[in-house]
Every structure is written in structure tokens, then in C-alpha cells.
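The residues making up each chain are set out below.
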Amino acid sequence: MLVTIAAFTVMVGVLIFVHELGHFTAAKVLGIQVHRFSLGFGKPVLSWRRGEREYCVSILPLGGYVKMAGLEEEGMMGEIEGGAPRQPTDPLRAFDKKPLWVRIIVILAGVTMNVLLAYVVYVGRATTIGLPVPSATRI
């Protein structure tokens, strides 16, 4: 039972990480300022800064988020996402100031990364283990 729970937790963690990595990478490539990349919500348990970004592993492991400039909601969501960003926001690099096509790419990048992960896992399994073969002969 514990192995099943641990395996489920690891798999969901990988899916969340890959999904958020899609949003993060697309935002960086398209010139959107990213304040924070976090696995989990709430107060950070582990965090470090690299450049203008903060990377966190937070206390509530129910998802993750990428906090981009122009999407800093305070109040309840701001607290769930670890509070206000420490870096000043560059208005020219804000998500809500970018053209519609850029915002669509950033939003769809998470799902696209999950689809690519599924493809890589399936192809990797097929090339190493092989495809399932029916145990009975077809007539």
C-alpha cells in the first residue's frame, strides 16, 4: 500500500513538474518576466534564487505554478502562491501586455509538454520492453 501511494505521488509530481516547466520555458523564450517557479502551494519549504527568478518547493503538494509578471493577484491567491514577488515588475515584460498569440502559446505549453511526455514514455517503453502481444492466436 505504501509503495502504491509513493509511486502515485512521484508520478503526479513528475506530471506537475513537466506541465509547469512547459509554461515556464515558453514564458522565458517569449520574453515574459517570471518571478517564481514553484512545485506546491503555500509557504516555501525549500527555495533558492537564480538570477531574477525564485525556485520553490512549497508545503502543499497539490500542484504547482509559475508566477509571471502581470499576473500578481494579491489577496487569497497571492497568499496561496507564496505572497508578493520580491523582484520589481517590468511592465514591458508583463504577461497581460503581450500579444494574444504569445499568451496562447504560454497557456498551451503546459498541456503540450504533458502530451510530449506521454509520447516519450510510450516510445521508451515500446523500444525497451516491447509492445504487448496477445496471448491467444487470432483466428
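Residues numbered from 1 in each chain as written. Predicted model: local features only at pLDDT ≥ 70, side-chain atom pairs only at ≥ 80, totals over all residues. Heavy atoms only, no water.

**Regarding the nonpolar core**
Across soluble globular proteins, nonpolar side chains show a tendency to be buried alongside one another.
Then, number 1: In this structure, Phe24, Ala27, Ile32, Val34, Val66, Met68 and Val106 are the most contacted members of the largest nonpolar core, which totals 13 residues.
Then, number 2: The contacts of Val34, once residues within four sequence positions are left out, are Phe24, Ala27, Glu52, Arg53, Val66, Lys67 and Met68. (Core = buried A, V, L, I, M, F, W, Y, C linked by side-chain atoms within 4.5 Å. Buried < 20%, exposed > 50% of the residue type's maximum accessible area, 1.4 Å probe, protein only. Contact = heavy atoms within 4.5 Å.)

**Re the packing of aromatic side chains**
Then, number 1: On inspection of all chains with the given rule, the structure shows five aromatic pairs.
Then, number 2: Taking 5.3 Å as the distance between ring centres and 70 degrees as the angle between the ring planes, the aromatic pair formed by Phe24 and Phe37 counts as edge-to-face. Within this pair, whereas Phe24 is found in helix H1 (residues 2–29), its partner Phe37 is found in strand E1 (residues 34–50), the two being separated by 13 residues in sequence. When sorted by exposure, Phe24 lands in the same class as Phe37, which is buried.
Then, number 3: Grouping aromatic residues by their ring pairs yields a cluster made of Phe17, Phe24, Phe37, Trp48 and Tyr55. (Phe/Tyr/Trp six-rings, centres within 6.5 Å; stacked < 30°, edge-to-face > 60°. Helix = DSSP H or I, 4+ residues; strand = E, 2+ residues; numbered from the N terminus.)

**A closer look at the side chain of Glu20**
Then, number 1: As for its position among the elements, Glu20 is in helix H1.
Then, number 2: Here Glu20 occupies a buried position and makes no salt bridge, while the nearest side chain of opposite charge, Arg36, is found at 12 Å.
Then, number 3: Setting aside its immediate chain neighbours within four residues, Glu20 contacts Phe37, Gly64, Tyr65 and Val66. (Lys, Arg positive; Asp, Glu negative; His and termini not counted. Salt bridge = Lys/Arg side-chain N within 4 Å of Asp/Glu carboxyl O.)

**Let's talk about the confidence of the model for the protein**
Then, number 1: Put simply, the protein has an average pLDDT of 86, and 88% of its residues get 70 or more.
Then, number 2: Looking at the elements of the protein, mean pLDDT is at its lowest for helix H2 (residues 76–80), recorded as 56, and at its highest for helix H3 (residues 100–128), recorded as 95. (pLDDT = per-residue confidence, 0-100.)

**Here's the deal with H1**
Then, number 1: Taking 1.5 Å per residue, 28 residues should reach 40 Å; H1 reaches 40 Å between its end C-alpha atoms and fits that length.
Then, number 2: Of the residues making up H1, those classed as buried are Ile16, Val18, Glu20, Gly22, His23, Phe24, Ala26 and Ala27.
Then, number 3: On the buried face of H1, the contacting elements are E1, strand E2 (53–68) and H3.
Then, number 4: Once H1 finishes, Gly31 follows within two positions and takes phi at roughly 85 degrees, a positive value. (Expected span 1.5 Å × (residues − 1).)

**Section: the pattern of salt bridges**
Note that side chains of opposite charge can pair when their charged atoms are close.
Then, number 1: Applying the stated criterion across every chain, the model contains three salt bridges.
Then, number 2: Residue Arg36 is joined to Glu54 by a salt bridge in which the shortest nitrogen-to-oxygen separation is 3.1 Å. One end of the pair, Arg36, is in strand E1; the other, Glu54, is in strand E2, and 18 residues separate them in sequence. When sorted by exposure, Arg36 lands in the same class as Glu54, which is buried.
Then, number 3: Between Glu52 and Arg93 there is a salt bridge; the shortest N-O distance is 2.6 Å. Here Glu52, found in the loop between E1 and E2, pairs with Arg93, found in the loop between H2 and H3; they are 41 residues apart in sequence, far enough to count as distant.
Then, number 4: With relative accessibility at 25%, the residue Arg93 sits in the partly exposed group.
Then, number 5: Via salt bridges that share partners, Glu52, Arg53 and Arg93 belong to a single interconnected network.

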